[in-house]
Amino acid sequence: MSNALEELKKYTTVVADTADFEVLSKYGSEDSTTNPSLVFQAASNPKYKALIDNAIEYVKAKSGLSDSEKLSLAIDKLFVNFGVEILKIVPGRVSTEVDARLSYDIEANVKKGRELIALYKEAGINKDRVLIKLASTWEGIEAAKILEKEGIHCNLTLLFSLIQAAACAEAKVTLISPFVGRITDFYKSKQNVAGFEASKDPGVVSVQQIYAYYKKHGYKTSVMGASFRNKEQTIELAGCDLLTISPNLLEELQKSDASLVTKKLDSSNLPSNVPEKLNVSHSNFLWELNDNEMAYFKTGEGIRKFAEDLVKLEDQIKKLLQ
């Protein structure tokens, strides 16, 4: 008998939001996305020790590197090791995140993206199976524009507003990951409420608006809703190009009735109030982002949190390099 997860998969590509290989296999994820937080959690598990050991050995075999270069390479190699293993399980693509501390540096983002793709190539993985994951800052989007022209596909993350989404589409990025739950968190706190009905949830509404904007204007960039707080949010976005969902919510969906899911987003039936193309010049992008208190705050907060988890991972790896 069909369940809500199977029904959701009829309308949307479902991606497991985890770096745990067993979970990816269990839920039949099409793609996989990782970030420093997920890799930090997974790297703390003894069953992934071999991937860490391999990264350390890889770096130790290199000569002439400074301590900071060794650490950076070890982290990159570890992320790629996870990606390579994930691609043995999922038939599609894996997203590999660039260091969040580079989020405001175009050249550094481009350089890191190229380096990650080179490590994947060395491991026998074609670049078409990898998405380089960058923050949706002006600099991150500009870096993605350069990488996409080189045939390196990008996933723009930490995205909270239509102006960020519009700039990504104009940059011809492959995929964006608008964050549903973090938008919800902001407005729950701001309005001092326990939660929202799924159809009126600000995070859900944000993704609906982005989806409609992309489809109205014929953009090829895919929309992958991310960062969910409950299964109802995912059900309300059935029909979105992709959704990346945490293991606990995948389990809830699997145990839920299929009748809960109907197609909610449809490119052939868009609302009438979709805005015309936005001005995505540098100055207007910065102003619109600044003028959106939630998006401005959540973008910065997300970058800080990813950077914090990366530092925790670096502390683990430093000890092994010594």
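Residues numbered from 1 in each chain as written. Predicted model: local features only at pLDDT ≥ 70, side-chain atom pairs only at ≥ 80, totals over all residues. Heavy atoms only, no water.

Naming follows an unreviewed UniProt entry, where the chain appears as Transaldolase of Dictyostelium firmibasis. UniProt annotates the chain under Pathway (unreviewed entry) with the comment "Carbohydrate degradation; pentose phosphate pathway; D-glyceraldehyde 3-phosphate and beta-D-fructose 6-phosphate from D-ribose 5-phosphate and D-xylulose 5-phosphate (non-oxidative stage): step 2/3." Quoted straight from UniProt, the Catalytic activity (unreviewed entry) entry for the chain says "D-sedoheptulose 7-phosphate + D-glyceraldehyde 3-phosphate = D-erythrose 4-phosphate + beta-D-fructose 6-phosphate". (UniProt positions renumbered as here; feature names shortened; annotations may be inferred.)

(A) Structural view of the nonpolar core. The biggest cluster of nonpolar side chains holds 105 residues, and the ones touching the most others in it are Ile-132, Ile-176 and Tyr-214. Here this core gets ten residues from one element, more than from any other, and that element is helix 5 (residues 67-86). Excluding residues within four positions of it along the chain, Ile-132 makes contact with Thr-96, Val-98, Gly-113, Leu-116, Ile-117, Leu-147, Ile-152, His-153, Cys-154 and Asn-155. Ranked by size, the runner-up nonpolar core spans five residues in total, among them Val-15, Leu-175, Met-224 and Leu-242. (Core = buried A, V, L, I, M, F, W, Y, C linked by side-chain atoms within 4.5 Å. Buried < 20%, exposed > 50% of the residue type's maximum accessible area, 1.4 Å probe, protein only. Helix = DSSP H or I, 4+ residues; strand = E, 2+ residues; numbered from the N terminus. Contact = heavy atoms within 4.5 Å.)

(B) The arrangement of the packing of aromatic side chains in detail. One pass over the structure, following the stated rule, counts nine aromatic pairs. Ring centres 5.2 Å apart and planes at 85° place the aromatic pair Phe-186 and Tyr-187 in the edge-to-face group. Here Phe-186 falls in the buried class, since its relative accessible area comes to 11%. A connected cluster of aromatic rings, assembled from ring pairs, spans Phe-21, Tyr-48 and Phe-82. Its end group placed over the ring of Tyr-58, Lys-77 keeps NZ or CZ at 4.7 Å from the ring centre. Between the NZ or CZ atom of Arg-182 and the centre of the ring of Phe-306, over which it lies, the distance is 5.5 Å. (Phe/Tyr/Trp six-rings, centres within 6.5 Å; stacked < 30°, edge-to-face > 60°. Lys NZ or Arg CZ within 6 Å of the ring centre and 35° of its normal.)

(C) Seen up close, the state of the cysteines. Under the counting rule described, the total for this entry stands at zero disulfides. Cysteine Cys-240 is unpaired, with the sulfur of Cys-168 as its nearest cysteine sulfur at 14 Å. (Disulfide = S-S within 2.5 Å.)

(D) Fine view of the environment of Pro-91. Looking at the secondary structure, you find Pro-91 in the loop between helix 5 and strand 3 (94-97). On the basis of relative accessibility, which here comes to 54%, the residue Pro-91 falls in the exposed class. In sequence terms Pro-91 and Arg-129 are 38 residues apart; their C-alpha atoms lie 9.0 Å from each other. Excluding anything up to four places from it in sequence, Pro-91 contacts Ser-29, Glu-30 and Arg-129.

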